[in-house]
Amino acid sequence: MSVGTPLPRLSDQGPVLAGAQVLPAPGPLAPFLPGSGLRRGSLVSLSGQGKTTLALSLLSAPVAQGAWAAVVGLPELGVEAAAVMGVDLTRVALVPEPGPSWPNVLAVLLDSLDLVVVRPPRRPRPAEARRLVARARAGRAVLCVLGGWPEAPDVALAAETEAWVGLGRGSGWLRARRGRVVVTGRGSAGRPIAVPCWLPGPDGQLAARGPAGMAVAPEAPEAAPWAG
Amino acid sequence: MGGVVRTLAAWCPDWPVTAAGFGADVPVAVVAAGRVVACSAAARDAGVLLGMRRRAAEASCPGLRIVRRDEGREARAFEPVVVAVSALVPAVEVTRPGLLSLAVFGPARYHGGEQPLAAAVAARAQAAVAAACGVPEPVVQVGIADGPFAAGLAARRQAVVPPSGTAAFLAPFPVTVLGRPELAGLLVRLGIRTLGALAALEEGPVAARFGPEGVRAHRLARGLDDRPLRLEAPPAALVATAELDPPAERVDVAAFAGRRLGQELAVQLEAAGLACTLLEVEIETEHGERLVRRWRAEVDLDASAMGERLRWQLEGWLSGTAVEAPSAGVTRLQLRAVAVAPAAGRQVGFWGGRSDADRRAVRGLDRLRAMLGPEAVLTGMVVGGRGPGDRALLVPWGDTRPAAPERAPWPGAHPVPPPALVHRPPRPALVTGGDGRPVGVSARGCLSGLPEQVAVEGGRPSPVVAWAGPWLYDERWWDPPARRRLARFQLVDEDQHAYLCCVERTRWFVEATYD
């Protein structure tokens, strides 16, 4: 599939995304994505340990620029983690228990919103999956799937955890996770690229992790600020 | 207390369990969509919690019997109980299968006072439950107070609250008993935790800050009826009727024909700006029999809730076990709003609707809300609280959204970054020390051993590579029934799975996962 030609940079587009073909992606990942963002009408798969944090990071930039999003089938979503990630929660609908008719729920959301994150309650049948992807394309929404999906995605993002830092044996607290995101595209972008990043960093947001590393989380533990 | 009706409530605890034919001493959990929706006292003692996953419940209570939820069965089994109590006292209203209420005034004089009436109702209901469900010595609790809301709570305590003593009786209850989670969340955040604290506020400011919903809660908290009396009788006949031709003999056929009635009545109510608080279900048969039953709302009845009451009632009347089964097919179904209140209303304009994209989104979400019901589509907000679950408030999409909280420091809240997954309810876990025994925490925060292994929901134990804690919490110490003392830990296992755990006595739970 192809979705238009590369577009002007997002910073030129002003606050409303309605006309844009590409939704903005988190800074560290954007250079490695086709079109430097999430193309409308595309299917994005999220996997690996850390995929929920990754999913939240994908929401924040589009929603901040006026997009509408929904998270479906994730009753345990950490609302506070989303807020700390910078997600404007007033523009995110949560459908924690979509029920047996979840494909229909998804279809309605793909028709009307810009970005839909879903953890399907079961693996969809190929015909169902095709129908939903077609719906996303027609509604110009991005469908992000956590978990099994029978079709090959346009972009696959796999989170990998190397180690949590900040926690000792009986001391400190979880401050950041050192990890990477492996980006695999389709066609010309088919070669997997591993992007080292903090997932999340000590401020709760996705952050780039250059070769020099980032000044984060002295492994020497301190007293936790909230204890006592 | 002018105008508040003395009300008796009879409550069968854990009705879904009793309706399935089990007593309180058998460990039973009633499950819907993989989650526990009700359990027996024996199962509760073994650590089964409502909302738990089926597998987790089975892990925490060996020998647990699992029963699939059947709302039709619950309604069918309750109908004989309603009939039995109706034979004693007329004008019985059903709140939901397992809870009924009735006005006390006349009957109490006839039976020689409120206590004898309560005893008579309890005995009658108990016998009916035993016969209908085949459970020996079922529990039926009866309470009397001013108004149905207070009576329901009195039944939980098996208390006869003296007239005009209702406000004092209600004062210590937490605001969550109002059954309005979003309002309760907001009140708790403002430090108004009990009905007494809510009742102590003045009505004017309550109306200004919380709107009609708040005024109704405020009236309930003061032991008044939840609606102004002049609205007791609807201004116009609010009725939806369906004629059935051919007559329906079976529940499913009648229920199918009645599907649209709830919707029709809801449309009429909405046009009048009203919400139904007491619903009358009536059927007529070929032989001219008329059966009527009243259903009282705990919160306002919307279209789907009214349709559900109708279906439940049809189950009660038309199924094979019915006591008062009609002798012929049903020719007419009718729903009538007997009592109404001003609708709490939906704040239009929240979430704007400025651009086309906004309007499209709002339309789509409204459609979804109509498809799935008002509780299914939510928006989240962060509020003050200590536990990970306390810090999120989920508000139905389209409802009044409480004002955004200031970012005030909350002592004892867990630190940034917050966990990406918060388990509701917490997942049972086992954290063991070097000796293979569960790690315990003393009241002073001393550990019985260092955490060495963690197993989540009966899974494979994994070595703990890093941990911190215990952070001690004494939550709601001012409210003995809700008081919890617990200790929290952060744990990272060998595979770099990071958890926020809590231990209460020696019972461990994973409250959240840093995914």
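Caption draft 1: Focus on the interface of chain B and chain A. Listed by partner, the interface residues are 54 residues for chain B and 57 residues for chain A. For the chain B face of the interface with chain A, the top three residues by lost area are Arg360(B), Gln496(B) and Asp515(B), together amounting to 13%. Summed over the shared surface of chain B and chain A, the number is zero salt bridges. For the pair chain B and chain A, the interface holds 18 residue pairs in polar contact (both at pLDDT 80 or more). No other element matches helix α15 (residues 356-372) of chain B, which puts ten residues into the side of chain B that touches chain A. For the side of chain B that touches chain A, the class distribution of residues is 35 nonpolar, nine polar and ten charged.

Caption draft 2: Main features of the nonpolar core. With 66 residues, the main nonpolar core has Leu8(B), Trp15(B), Val121(B), Leu269(B), Met306(B) and Leu314(B) as its most contacted residues. Summarising the domain contributions, this core has at least three residues from each of domain 1 (6-157) and domain 3 (239-342) of chain B. Excluding anything up to four places from it in sequence, Trp15(B) contacts Glu74(B), Ala77(B), Phe78(B), Val81(B), Pro97(B), Gly98(B), Val129(B) and Cys133(B). One finds Leu23(A), Leu74(A), Ala159(A) and Ala420(B) within the second-largest nonpolar core, a separate group that totals 44 residues.

Caption draft 3: How the structure looks around the side chain of Glu282(B). All names here are of chain B. Turning to its location among the elements, Glu 282 is positioned in strand β9 (residues 274-285). Only 3.1 Å separates the side chain of Glu 282 from the side chain of Arg 332, close enough to count as a polar contact. If we skip the residues at most four places from it in the chain, Glu 282 touches Arg 290, Leu 291, Val 292, Arg 332, Leu 333 and Gln 334.

Caption draft 4: Region of the structure containing the pattern of salt bridges. Residue and element names in this part refer to chain B. Enumeration over the complete set of coordinates arrives at 31 salt bridges over all chains. Residues Arg 69 and Glu 71 are paired through a salt bridge, measuring 3.9 Å at the closest nitrogen-oxygen approach. With a relative accessible area of 32%, Arg 69 lands in the partly exposed category. With a shortest N-O distance of 3.5 Å, Arg 460 and Asp 495 are connected by a salt bridge. A residue pair is termed long-range when its members are at least 10 positions apart, and Arg 460 in the loop between β16 (453-456) and β17 (462-475) and Asp 495 in the loop between β18 (484-493) and β19 (498-504) qualify at 35 residues. Accessibility expressed as a relative area gives 60% for Arg 460, which makes it exposed. The class of Asp 495 is partly exposed, set by a relative accessible area of 36%. Sharing partners across several salt bridges, the network here consists of Glu 282, Glu 284, Arg 290 and Arg 332.

Caption draft 5: Up close: helix α1 (residues 51-64) of chain A. All names here are of chain A. With 14 residues, α1 should cover 20 Å at 1.5 Å per step; its first-to-last C-alpha distance of 21 Å lies within 8% of that length. Where burial is concerned, most of α1 is hidden: eleven out of the 14 residues are buried. Taken residue by residue, α1 has Thr 52, Thr 53, Leu 54, Ala 55, Leu 56, Ser 57, Leu 58, Leu 59, Ser 60, Pro 62 and Val 63 as its buried positions. Positive backbone phi, at 100°, marks Gly 66, one or two positions downstream of α1.

Caption draft 6: Focus on empty space enclosed by the protein. Taken as a whole, this structure holds four cavities of 30 Å³ or more when the rule is applied. A volume near 100 Å³ is recorded for the largest cavity. Around the largest cavity, the lining comprises 14 residues; the ones closest to its centre are Thr53(A), Ala81(A), Pro200(A), Pro417(B) and Pro418(B). For the lining of the largest cavity, the secondary-structure elements that each account for two or more residues are α1 and α2 (79-84) of chain A. Shared between two domains, the lining of the largest cavity holds at least three residues of each, these being domain 1 (23-155) and domain 2 (157-208) of chain A. Estimated volume of the second largest cavity: approximately 70 Å³. Contributing to the lining of the second largest cavity are Val71(A), Leu74(A), Pro75(A), Leu77(A), Val79(A), Leu94(A), Val95(A), Pro96(A), Leu394(B) and Arg424(B). Class assignment of the residues belonging to the lining of the second largest cavity gives a composition of nine nonpolar, no polar and one charged.

Caption draft 7: Spatial organisation of the packing of helix α4 (residues 71-88) of chain B against helix α6 (residues 114-133) of chain B. All names here are of chain B. Two elements in contact, α4 and α6, have axes separated by 8 Å at closest approach and are oriented at 150°. For the element pair α4 / α6, the angle class is roughly antiparallel. In this structure, α4 meets α6 at a crossing whose hand is right-handed. Contacts between α4 and α6 involve Ala 77, Pro 80, Val 81, Ala 84, Val 85, Ala 87 and Leu 88 on the former and, on the latter, Ala 120, Val 121, Arg 124, Ala 125, Ala 128, Val 129, Ala 132 and Cys 133.

Caption draft 8: Main features of the environment of Gly329(B). Residues and elements named next belong to chain B. The topology assignment puts Gly 329 in the loop between α14 (303-318) and β11 (330-342). Each C-alpha atom of the pair Gly 329 and Pro 247 lies 4.9 Å from the other, and the pair is 82 residues apart in sequence. Those residues within four positions of Gly 329 in sequence are excluded, and the remaining contacts are Pro 247, Ala 248, Glu 249, Glu 284, Thr 285 and Glu 286.

Caption draft 9: Highlighting the confidence of the model for chain A. All names here are of chain A. With 82% of its residues at a pLDDT of at least 70, chain A reaches an overall mean of 83. No element of chain A has a lower mean pLDDT than strand β11 (residues 207-208), which averages 90, and none a higher one than strand β6 (residues 115-118), which averages 97. Throughout residues 1-16 the model reports pLDDT below 50, and contacts reaching past four residues in sequence, or to other chains, amount to 20 contacts. In the model, residues 212-228 has pLDDT below 50 throughout and makes 30 contacts with residues more than four positions away in sequence or in other chains.

Caption draft 10: Structural context of helix α9 (residues 181-189) of chain B. All names here are of chain B. Every buried residue belonging to α9 is among Glu 182, Leu 183, Ala 184, Gly 185, Leu 186 and Leu 187, and all of these are buried. Looking at the buried residues of α9, the elements they touch are α10 (195-199), α11 (203-221) and β14 (392-396). Just downstream of α9, Gly 191 is the residue with a positive phi angle, here 90°.

Caption draft 11: Main features of the confidence of the model for chain B. All names here are of chain B. For chain B, per-residue confidence averages 82 on the pLDDT scale, and 88% of positions sit at 70 or higher. Mean pLDDT values over the elements of chain B span from 34, in strand β12 (residues 348-351), up to 94, in β16. Ignoring residues within four places in sequence, the model shows residues 345-353, a span with pLDDT below 50, making 22 contacts including any to other chains.

Caption draft 12: Just the environment of Cys446(B), in detail. When you line up the elements, Cys446(B) lands in the loop between β15 (421-432) and β16. Apart from the residues within four sequence positions on either side, Cys446(B) is in contact with Gly440(B) and Val441(B).

Caption draft 13: Structural detail: the packing of aromatic side chains. Using the criterion set out here, one finds six aromatic pairs over all chains in the structure. For the pair Trp15(B) and Phe78(B), a centre-to-centre distance of 5.1 Å together with 70° between the ring planes defines the contact as edge-to-face. Here Trp15(B) is found in helix α1 (residues 15-19), whereas its partner Phe78(B) is found in helix α4, with 63 residues between them in sequence. Pairwise contacts between aromatic rings join Trp467(B), Phe489(B) and Trp508(B) into one cluster. Cation over ring: Arg175(A) sits above Trp173(A), and NZ or CZ is 4.2 Å from the ring centre. Over the ring of Trp198(A) we find Arg209(A), and its NZ or CZ is 5.8 Å from the ring centre.

Basis of the calculations
- Residues numbered from 1 in each chain as written.
- Chains lettered and ligands numbered in written order.
- Predicted model: local features only at pLDDT ≥ 70, side-chain atom pairs only at ≥ 80, totals over all residues.
- Heavy atoms only, no water.
- Contact = heavy atoms within 4.5 Å.
- Buried area = accessible area lost by both parts, 1.4 Å probe.
- Salt bridge = Lys/Arg side-chain N within 4 Å of Asp/Glu carboxyl O.
- Polar contact = N/O pair within 3.5 Å; in protein donor to acceptor, adjacent residues only side chain to side chain.
- Helix = DSSP H or I, 4+ residues; strand = E, 2+ residues; numbered from the N terminus.
- Nonpolar A, V, L, I, M, F, W, Y, C, P; charged D, E, K, R; others polar.
- Core = buried A, V, L, I, M, F, W, Y, C linked by side-chain atoms within 4.5 Å.
- Buried < 20%, exposed > 50% of the residue type's maximum accessible area, 1.4 Å probe, protein only.
- Domains from an automatic or database assignment.
- Expected span 1.5 Å × (residues − 1).
- 1 Å grid on protein atoms, 1.4 Å probe; cavity = no way out; pocket = protein on both sides within 12 Å on 5 of 7 lines; lining within 4 Å.
- Points joined across faces, edges and corners; volume = space filled by probe spheres on them.
- Axes fitted to C-alpha atoms, helices over the stretch in contact; angles between N-to-C directions.
- Parallel < 35°, antiparallel > 145°, perpendicular 65-115°, else oblique.
- Left-handed = near helix turned anticlockwise from the far one by under 90°.
- pLDDT = per-residue confidence, 0-100.
- Phe/Tyr/Trp six-rings, centres within 6.5 Å; stacked < 30°, edge-to-face > 60°.
- Lys NZ or Arg CZ within 6 Å of the ring centre and 35° of its normal.

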